Amino acid sequence: MSILIKPIITEKATKDSELLNRYAFVVKLKANKIEIKEAVEATYGVSVEKVRTMIYPVQRSTKFTKKGVVESKVSAYKKAIVEVAEGENIDFYSNI
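Conventions we followed
- Residues numbered from 1 in each chain as written.
- Predicted model: local features only at pLDDT ≥ 70, side-chain atom pairs only at ≥ 80, totals over all residues.
- Heavy atoms only, no water.
- 1 Å grid on protein atoms, 1.4 Å probe; cavity = no way out; pocket = protein on both sides within 12 Å on 5 of 7 lines; lining within 4 Å.
- Points joined across faces, edges and corners; volume = space filled by probe spheres on them.
- Helix = DSSP H or I, 4+ residues; strand = E, 2+ residues; numbered from the N terminus.
- Nonpolar A, V, L, I, M, F, W, Y, C, P; charged D, E, K, R; others polar.
- Buried < 20%, exposed > 50% of the residue type's maximum accessible area, 1.4 Å probe, protein only.
- Salt bridge = Lys/Arg side-chain N within 4 Å of Asp/Glu carboxyl O.
- Pairing = 2+ DSSP bridges.
- Phe/Tyr/Trp six-rings, centres within 6.5 Å; stacked < 30°, edge-to-face > 60°.

Roughly 200 Å³ of volume is contained in the largest pocket. Surrounding the largest pocket, Ile8, Thr10, Lys12, Ala13, Asp16, Arg22, Tyr23, Ala24, Lys79 and Ile81 form its lining. Counting only elements with at least two residues in the lining of the largest pocket, the list comes to helix H1 (11–20), strand S2 (22–27) and strand S6 (77–84). Per-class residue counts for the lining of the largest pocket are five nonpolar, one polar and four charged. Of the pockets and cavities examined, the second largest pocket occupies roughly 160 Å³. In this structure, the second largest pocket is lined by Ile8, Ile9, Ala13, Thr14, Ser17, Tyr23, Ala24, Asn89, Ile90, Asp91, Phe92 and Tyr93. Looking at the lining of the second largest pocket, the elements that each hand over two or more residues are H1 and S2. Per-element tally for the lining of the second largest pocket: the top contributor is H1, with three residues. In terms of residue class, the lining of the second largest pocket is built from eight nonpolar, three polar and one charged.

What follows is the structure, given as structure tokens:
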């Protein structure tokens, strides 16, 4: 199974990709920086200079509704910011 789960395409991530050559991905929780670097290089054919990772914890919320107390949970995930070499870029929309 792949280490890269999906790219993060938000306004902030798009701005970082245009100005600073940084791309954001949701990755497996157990993946380390070396595995993430190798996966991005193999998948997109670019050379990676730097990888930053951050783990977001589980988010729980409770709401009081007409049906009673409703509890919800958003799973934990790991986010990786990958900086590619100058002059290279990743095109997420090429195969649409």
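Moving on: unusual backbone geometry. Its identity as a non-glycine residue notwithstanding, asparagine 21 has a phi of 60°, on the positive side. A relative accessible area of 11% places asparagine 21 in the buried class.

Moving on to the pattern of salt bridges. Taken as a whole and judged by the stated rule, the model has two salt bridges. Two residues, glutamate 83 and arginine 22, come together in a salt bridge whose shortest N-O distance is 3.7 Å. With glutamate 83 in strand S6 and arginine 22 in strand S2, the pair connects residues that are 61 residues apart, well separated along the chain. Ionic pairing is found between arginine 52 and glutamate 83, a salt bridge with its closest N-O pair at 3.8 Å. Linking arginine 52 in strand S3 (residues 48–56) with glutamate 83 in strand S6, this pair joins segments that are 31 residues apart in sequence. A residue is classified by how much of its surface remains accessible, and arginine 52, at 31% relative accessible area, is partly exposed.

Looking now at the pairing of strand S4 (residues 59–65). Of all seven residues in S4, zero are buried; the element is thus mostly exposed. Relative to strand S5 (residues 68–74), S4 runs antiparallel, the two being bridged by seven bridges. From the neighbouring strand, glutamine 59 faces S5, where its bridge partner is valine 74.

Summed over the entire model, instances satisfying the criterion amount to five aromatic pairs. With 5.9 Å between their ring centres and 85° between their planes, tyrosine 44 and phenylalanine 92 make a pair best called edge-to-face. Here phenylalanine 92 lies in the segment after S6 and tyrosine 44 lies in helix H2 (residues 33–44), a separation of 48 residues in the sequence. Exposure remark for tyrosine 44: the relative accessible area of 30% places this residue in the partly exposed category. Ring geometry for tyrosine 56 versus tyrosine 77: centroids 4.9 Å apart, planes at 20°, classification stacked. With tyrosine 56 in strand S3 and tyrosine 77 in strand S6, this residue pair connects regions lying 21 residues apart in the sequence. Here tyrosine 56 falls in the partly exposed class, since its relative accessible area comes to 27%. Taken together, the ring pairs connect Tyr23, Phe25, Tyr44 and Phe92 into an aromatic cluster.

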